Amino acid sequence: MSDRTIGYIVGSISSTSINRRLAKALERLAPAGTTLVEIPIKDLPFYSPDHDADYPAVATEFKNAIDEVDGVIIVTPEYSRSIPGVLKNALDWAARPWGQGSFDGKPTAVIGTSQGGIATAAAQQHLKAILSHYNAPTLGQPEGYVQTTPGLFTDAGEVTNDQTAEFLVSYLEAFGALVDRYARVPASA
Ligand SMILES: Cc1cc2nc3c(=O)[nH]c(=O)nc-3n(C[C@H](O)[C@H](O)[C@H](O)COP(=O)(O)O)c2cc1C
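Worth saying up front: this structure is predicted, and the values here are computed from it rather than measured.

Undergrad: Got a minute to help me understand the nonpolar core in this structure?
TA: Nonpolar side chains in soluble globular proteins tend to end up buried together. Membership of the largest hydrophobic core comes to 27 residues, with the highest contact counts inside it found for Ile 9, Phe 62, Ile 74, Leu 91 and Phe 103. Secondary-structure elements contributing two or more residues to this core are helix H2 (57-68), strand S3 (71-75), helix H3 (85-95) and helix H4 (121-133). Ranked by the residues each element gives to this core, the list is headed by H3, at five residues. The contacts of Ile 9, once residues within four sequence positions are left out, are Ile 39, Ile 41, Phe 62, Val 72, Ile 73, Ile 74, Val 75, Leu 87 and Phe 103. Core analysis: the next-biggest nonpolar cluster, separate from the first, contains 24 residues, Val 10, Leu 22, Leu 168 and Leu 178 among them.

Undergrad: What exactly am I supposed to notice about the pairing of strand S4 (residues 108-114) here?
TA: Both faces of the sheet carry side chains from a regular strand, because those side chains alternate between them. Burial analysis of S4 places seven of its seven residues in the buried class, the great majority of the element. The two faces of S4 match: Thr 108, Val 110, Gly 112 and Ser 114 on one face and Ala 109, Ile 111 and Thr 113 on the other face are all buried. Pairing of S3 with S4, which is carried by four bridges, proceeds in the parallel orientation. Bridge pairing in S4 places Ile 74 opposite Val 110. Handedness of the crossover joining S3 and S4 through H3 is recorded here as right-handed. In the sheet, S4 pairs with strand S5 (residues 144-147) via four bridges, with the strands oriented parallel. By the bridge assignment, Ser 114 is partnered in S5 with Gln 147. In this view, the connection linking S4 to its parallel neighbour S5 by way of H4 has right-handed handedness.

Undergrad: It is not clear to me how the site of the ligand should be interpreted in this structure. Could you clarify?
TA: Lining the immediate surroundings of the ligand are Ser 12, Ser 14, Ser 17, Ile 18, Asn 19, Pro 77, Glu 78, Tyr 79, Ser 80, Arg 81, Ser 114 and Gln 115. Residue Ser 12 places a side-chain N or O atom 2.6 Å away from an oxygen atom belonging to the ligand. The protein chains hide 67% of the 620 Å² of surface that the ligand would expose on its own. Taken together, the residues of the shell around the ligand break down into three nonpolar, seven polar and two charged.

Undergrad: Would you mind going over unusual backbone geometry with me for this structure?
TA: Outside of glycine, negative phi angles account for most residues, and trans bonds account for most peptide bonds. Here Arg 96 and Pro 97 are connected by a cis peptide whose omega angle stands at -5 degrees. By the secondary structure assignment, Pro 97 is in the loop between H3 and S4. Of note, the phi angle at Arg 81 is positive, near 65 degrees, even though the residue is not glycine. With respect to the helices and strands, the residue Arg 81 is situated in the loop between S3 and H3.

Rules behind the numbers
Residues numbered from 1 in each chain as written. Predicted model: local features only at pLDDT ≥ 70, side-chain atom pairs only at ≥ 80, totals over all residues. Heavy atoms only, no water. Core = buried A, V, L, I, M, F, W, Y, C linked by side-chain atoms within 4.5 Å. Buried < 20%, exposed > 50% of the residue type's maximum accessible area, 1.4 Å probe, protein only. Helix = DSSP H or I, 4+ residues; strand = E, 2+ residues; numbered from the N terminus. Contact = heavy atoms within 4.5 Å. Pairing = 2+ DSSP bridges. Right-handed = clockwise from strand over helix to strand, strands pointing away. Near = heavy atom within 4 Å. Polar contact = N/O pair within 3.5 Å; in protein donor to acceptor, adjacent residues only side chain to side chain. Areas by Shrake-Rupley, 256 points an atom, 1.4 Å probe, with all protein chains shown as cover. Nonpolar A, V, L, I, M, F, W, Y, C, P; charged D, E, K, R; others polar.

This is the structure we're talking about:
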């Protein structure tokens with residue numbers, strides 16, 4: 001296994017986000033050789049094409065952060081059977097300026113948790129359609145549908161259910177394998 005750095009985006013800016021807890025759990029469970037780092041979205045202003053000629057620093061930093069990692073996991077809630085607006089706004093910044101899409105060729109994975117039985121499945125289908133449009137290879141299996149129960153994740157990201165923890169490890173291993181398949185060959189090779 002090669003060393004890899006994987007970024008994660010949390011599609012919720014809630015101070016009590018269960019998806020942030022899930023992201024912290026993934027961070028804790030990362031296998032040896034894999035480092036997870038957050039790519040924050042909460043300070044991004046609303047995207048407008050007016051910014052294309054001169055991106056604000058915070059948006060340039062966001063795009064650079066995606067460039068610097070080997071793959072990106074998007075951990076998202078479901079809002080009205082789709083993704084939250086704050087996440088779509090971040091993705092719009094990443095997609096532009098035209099021809100400079102940050103997700104072009106970037107290995108991605110989606111995962112999310114909710115109290116509901118379908119556990120963000122509808123949101124994830126919308127998100128996968130967006131990532132496909134970006135030409136981002138996306139993990140197909142295992143699918144990241146995690147139903148939250150009270151106390152499943154602690155604030156610090158501990159997972160209190162062994163089966164869930166095992167699933168998250170297998171999810172990270174599968175994504176690591178996808179990332180490795182798409183790893184860039186050094187230009188000097
Ligand atoms: C505007 C809004 C829409 C929601 N729509 C859905 C939904 O379609 N499906 C679902 O399972 N939960 C839905 N929920 C409940 C969220 O799953 C729940 O609030 C969850 O805690 C959000 O994730 P977070 O804690 O990481 O922010 C919705 C919540 C909000 C605020």
